[in-house]
Amino acid sequence: MIARLFRLELRAIRSDGRSVALLVIALAMLVLSAWIGADARRVADEGRAQALEVSRAQWESIQGLSAHAVGHYGSYVYKPGGALAALDGGVMPFTGKVVRVEAHVQTPPSHSDASSWSSLVRLGAFDAGSILAHVLPLLLAFTAFSSVARDRETGLLRSLVAQGVPLRDVLWGKVLAYWALALVLVAALTVTHVGIDLTSGGALTGDTIARLTGFAGSHAIHLLVVVVLSVGVSAWVADSRAALAILTIAWLGATVILPRITAQLGSQLYPLSSQVEFEDAMKVDRSKGLDGHDPHDERRLALQQQILDEYGVQNARELPVNIGGLLMQADDEYGDKVWDHHFGNRHATVRKQIGVTQAVAFLNPYQAVRGLSMAFAGTDQFHDVQFQRQAENYRRVMVGTLNNLDATAGRRENGRWIRDEIDYADIADFQFETQQVGFALGNRWPELLALIAWAVASVVMLNKHAGRIPVVGAGR
Amino acid sequence: MIDILKALVRFEWMRLSRSRMRASAILVFFACGLYAIASGQHHVSTWKETLDELTQRETTQREQALAWFSAGRTGPEGRTWIDVSQARWADRYASAHAVMEPEPLAALAIGLSDIRATWATVSGMGGARPFQTADPATLGNAEKLLAGNFDLAFVFAYLLPLLLLVLLFDVGGLERDLGMMRMVRVQSVSPRSWLLLRAALPIVLVAMLALLLCVVGGLWSGAIGATFGSWSTFTLLVLGYTCLWGALFAAVLAAGTGVSAAALWMVGLWLGFCVVVPAAVRQVVGQEHPSLYASELTTAMRAERYEILLGDVAEHEPAFYQARPNLPTSEPSSRASGSTRRRIVQQAAFLDIVGDVTQKMSSDEIARETAVARWGWVNPAYVLQRALCGLAGTESVSFRAHRDDVFTSVTSRLDALVGPTWNEQPFTLETFEGLFEHGLSQRYGLPPRAGTWSRLLVLLVIAVVAFVVLATMRGKRERQAGVI
């Protein structure tokens, strides 16, 4: 029976020009966004390759500099796009994508896209993730709000009940019809994305397939919740105009108001110190360590003595190594601890702020799917933090190598340290290790749980209350 | 006519007071507005706290040096290499910042103030430091930025049309559904005037709500007292935007397509103008003018570290002396003085590069914004937001002006170091205090650009014309069909 009602509802949707128009518009928007997203990704990848080339050429042309000077000269690390950034840009436009890596200084990423845009960036993005999570639910609600009311007004619902059709089957026929249309849209988007990716030379790795499945699956579950709620409201509210208003207000609350309020609540519950306070606190802690550049620094003198004792010599001019390199390394290692402490605290606070959003996802399925969508696309805050960590690790390895070269690449002649000529091209460029899909799930399990809970709860509610919906309109 | 108007007001009031849905929508809108003002106010107070922290930072560092001057010394005991009578150390200890002060209206339109840096260190010899202020977003929660602001500008640009939608979507359709149109016809007003009057009442109500929120926001933020002109323009823009949406929705109602279709059209318009068009324009213009990986700036920063700092200073001297023809050309009397001169020449060469790069970045941004502005005719939400944020000094144009000011302050600071260094005059208490002037604290609120009003006006005219045409067509159709 459900299958027959499902086909009946599909025919009703097909005969309604407005519903067809809305679905065609949604399909066009999704396909267009996939195409534009892929093109944006291509432009960004080309830009990154170009920047890398310039930066590497500058690095390889270094001549006549000591390893320590090269540490100050530094290098640049460029953030790659997320695995499915073409489908969901996530936080990428708001986070820095260039990190300067140099000795003694830990620089946070800078040059975000948003920092060179006007306030247009505040009005949303035209990517598939946003369209699926934000726009499509509204279109579905506007298509489905009168689904039951229409049958009630035309008397079809009464006839069906009179023929012994369970109301539950009627509702499920409608839910499955609208959800099937939503699934067609999600599938069309997925196929378009894969097609564009393959034709432009991309490779479908296991991780990409898993991410794509997660991305499409989470949106599919969210759209199921939206459809069940839309049909449910249409069934329980006798007046279709009231149903429309309820769905519009619910959509507005869920996708526009609540996410903003939640984000602000999170930052008020777990406030971050200001940038000035943060920088000053780091500076104070940094000053408590060894100062590799200050010849009178007490900690430096103590370490110098320790090194002299280890080598069993009286002064630095007798050492078989350049003491400067060893002192700089000790200075940097202390700086690393300061970075770990301060940035660790900051990241922990941000994690707590996101935790508030994750908790609210149990009240709002939109926030659940938004987090999952970004995570599967590899463009959420957690993926961004991974980039920051990897950039910092690269900095430590690079500076450690340079300090080691500064200490050892040379020879002592008559008490003077003579540096060898060093080919800095041997120091490899930054390679970003992409995170696997498990990383996304590991950080976003609350949202996944919330979305599943919403799906289960809405299905149970629909089943439980289906028998009690009004069969006739006003004056029943 | 007056009687009809009175009757309509009574009718609308009755509908409003009896419809829980409408009353709740109005209350929710007003509550959102109040929350937005409180939230914006919180943001501005955090902004001000940062400025206080910078002042504190400046004071601490300056007082250290002033204490040395008072004690007849030039640096701390035990750290003999610090000498504030020399340009390098005077520059460091005469700590100064170029800061963007929030306009009172910034509490109502946060704009980009949580994305872009609102301050920078002013240092003549600090190398790249003044231009390396981190992206605030990177140090914070980017997902919060993605979720978006909840300021009054957002409430007006985004939520106000939705409130109008909820109040208007069944105007006309209700009469048709209840079979009242024939009765309307026998009254002394035409169906078009009836529709217009009925639509006008909710529009006036929403405009009054918007005005009330503007007054509350203006009083709370102090904008009415401090910048009344800007606040008035802000309010006028909001009222104009309300009329625009009212006219757009009235045009939809004039088509007389029934409640469901009217609601669909209205949501379509709102979705198009407030969600799809702004996002699509951003994406399309982003393709035309991508913001890539700032290679020009990173190259300039590297130049400061390598080509300029470690390169041959003689390469940069001709340009330096050409720009400052009155400088004495005598040789420095000491090695230290020579080293400071070289550093200043290198820094001036670096600033020349930064100046070029800053100009290039600004022209890229302007090109992008010009491309976005071309779509302004179909992007009213953005046109309004841009104008409101411009007034509040939180739009990109304000940040560009701030960036230019940072550059000017740094250049002035460097120039202030040149004279004493070349004349070999140590910094005294007076000349040291003179360096404090390079700190800058400015507001950047700007009146709306010329195209703002015309863009909103053109859309309004189109909506009014559409209303007249659609109402005429509908009247003709209904007369033919015998509905009225």
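Reference entry: report on the structure contained in this document. (Residues numbered from 1 in each chain as written. Chains lettered and ligands numbered in written order. Predicted model: local features only at pLDDT ≥ 70, side-chain atom pairs only at ≥ 80, totals over all residues.)

## As for the overall build of chain A
No. 1: Across its full length, chain A holds 15 helices and 5 strands.
No. 2: The C-alpha radius of gyration of chain A comes to 30 Å, more than 25% above the 23 Å expected for a compact globule of 476 residues.
No. 3: Along the three orthogonal principal directions, the C-alpha set of chain A runs to about 110 × 45 × 35 Å.
No. 4: Burial statistics for chain A: of 476 residues in total, 48% are counted as buried.
No. 5: If you take every contact in chain A between residues at least 6 apart in sequence, the share linking residues at least 24 apart comes to 81%. (Helix = DSSP H or I, 4+ residues; strand = E, 2+ residues; numbered from the N terminus. Rg over C-alpha atoms; globule rule 2.2 N^0.38 Å. Buried ≥ 20, exposed ≤ 12 C-beta atoms within 10 Å, placed from the backbone. Contact = placed C-beta atoms within 7 Å.)

## Describing the overall build of chain B
No. 1: A tally of helices and strands in chain B yields 19 helices and 3 strands.
No. 2: For chain B, the C-alpha radius of gyration of 30 Å lies well beyond 23 Å, the compact-globule estimate for 484 residues.
No. 3: Overall, the C-alpha framework of chain B stretches about 105 × 45 × 35 Å when taken along its three principal axes.
No. 4: Counting all 484 residues of chain B, 48% fall into the buried class.

## Considerations on the sheet that holds strand E2 (residues 119-122) of chain B
Residues and elements named next belong to chain B.
No. 1: Pairing in this open sheet of 3 strands is mixed, and the strands run E2-E1-E3 from one edge to the other. Strand pairing shows two members of the sheet lacking a second neighbour, E2 and strand E3 (440-442), which therefore form its edges. Mean inter-strand twist for the sheet, computed between neighbouring axes without regard to direction, equals 15°. (Pairing = 2+ DSSP bridges. Axes fitted to C-alpha atoms, helices over the stretch in contact; angles between N-to-C directions.)

## Structural notes on the pairing of strand E2 (residues 98-102) of chain A
All names here are of chain A.
No. 1: A large share of E2 lies buried, amounting to 5 of its 5 residues.
No. 2: On E2, burial covers both faces: Val 98, Arg 100 and Glu 102 on one face and Val 99 and Val 101 on the other are all buried.
No. 3: Linking E2 back to strand E3 (residues 105-106) in an antiparallel pair, the connection comprises 2 residues, with His 104 at a positive phi of about 65°.

## Comments concerning the interface of chain B and chain A
No. 1: Each side of the interface is counted separately: chain B has 74 residues, and chain A has 81 residues.
No. 2: Of all the secondary structure elements, the ones that give two or more residues to the side of chain B that touches chain A are helix H2 (20-70), helix H4 (136-139), helix H5 (142-147), helix H6 (152-168), helix H12 (259-288), helix H13 (295-308), helix H15 (335-373) and helix H16 (380-391) of chain B.
No. 3: Here the side of chain B that touches chain A takes 16 residues from H12 of chain B, the largest share from any one element.
No. 4: A per-class count over the side of chain B that touches chain A returns 41 nonpolar, 18 polar and 15 charged. (Nonpolar A, V, L, I, M, F, W, Y, C, P; charged D, E, K, R; others polar.)

## Re the packing of helix H4 (residues 128-144) of chain A against helix H9 (residues 240-269) of chain A
All names here are of chain A.
No. 1: Look at H4 against H9: their axes get within 10 Å of each other, and the N-to-C directions meet at 170°. As the angle between them shows, H4 and H9 are arranged roughly antiparallel. Across from His 134, Pro 137, Leu 138 and Ala 141 in H4, the residues of H9 making contact are Leu 247, Trp 251 and Thr 255.
No. 2: Split by residue class, the contact of H4 with H9 holds 5 nonpolar, 2 polar and no charged. (Parallel < 35°, antiparallel > 145°, perpendicular 65-115°, else oblique.)

## Overview of the pairing of strand E5 (residues 416-419) of chain A
Residue and element names in this part refer to chain A.
No. 1: Bridge count for strand E4 (residues 410-413) against E5 is 4 bridges, and the pairing is antiparallel. Paired with Arg 412 across the strands is Trp 417, a residue of E5.
No. 2: In this antiparallel pair of consecutive strands, E4 and E5, the connection spans 2 residues, and Asn 414 shows a positive phi of 50°.

## With respect to the environment of Ala 377 of chain A
Residues and elements named next belong to chain A.
No. 1: Within the fold, Ala 377 resides in helix H13 (residues 365-377).
No. 2: Along the sequence, Ala 377 and Arg 211 sit 166 residues apart, while their C-alpha atoms lie 6.8 Å from each other.
No. 3: Apart from residues lying up to four places away in sequence, Ala 377 is in contact with Gly 82, Ala 83, Leu 84, Ala 85, Leu 87, Asp 88, Gly 90, Gly 129 and Phe 215.

## What about the sheet that holds E3 of chain A?
Adjacent strands of a sheet pair through backbone hydrogen bonds, lying either parallel or antiparallel.
Residues and elements named next belong to chain A.
No. 1: Here we have 3 strands laid out as an open sheet, ordered E1-E2-E3, and antiparallel in their pairing. Among the strands making up the open sheet, the edge pair consists of strand E1 (75-78) and E3.
No. 2: In the sheet, E2 pairs with E3 via 2 bridges, with the strands oriented antiparallel. Across the sheet, the residue bridging to Val 101 is Gln 106, located in E3.

## Remarks on unusual backbone geometry
No. 1: Positive phi outside glycine occurs at Asn 414 of chain A, with the angle close to 50°.
No. 2: Within the fold, Asn 414 of chain A resides in the loop between E4 and E5.
No. 3: Even without a glycine there, the phi angle at Glu 424 of chain B is positive, about 55°.
No. 4: Within the element layout of this structure, Glu 424 of chain B appears in the loop between helix H17 (396-422) and helix H18 (429-434).
No. 5: According to the C-beta neighbour criterion, Glu 424 of chain B is partly exposed, with 14 such atoms within 10 Å.

## As for the packing of helix H10 (residues 275-287) of chain A against helix H12 (residues 323-360) of chain A
Residue and element names in this part refer to chain A.
No. 1: Their axes nearest at 10 Å, the elements H10 and H12 cross at an angle of 145°. Here H10 and H12 pass one another in a crossing that is right-handed. Listed contacts from H12 to Phe 278, Ala 281, Met 282, Asp 285 and Arg 286 of H10 are Gly 335, Val 338 and His 342.
No. 2: For the contact of H10 with H12, the class distribution of residues is 4 nonpolar, 2 polar and 2 charged. (Left-handed = near helix turned anticlockwise from the far one by under 90°.)

## A closer look at the environment of Leu 52 of chain A
No. 1: Mapping Leu 52 of chain A onto the fold places it in helix H2 (residues 17-60).
No. 2: If near-sequence neighbours (up to four positions away) are discounted, Leu 52 of chain A is found in contact with Tyr 78 and Asp 429 of chain A.

## Quick look at the environment of Leu 457 of chain B
No. 1: Structurally, Leu 457 of chain B is set in helix H19 (residues 450-481).
No. 2: In the structure, Leu 457 of chain B is positioned 413 residues away from Val 44 of chain B in sequence and 32 Å away in space, judged by C-alpha atoms.

All we've got here are geometric facts, nothing functional implied.
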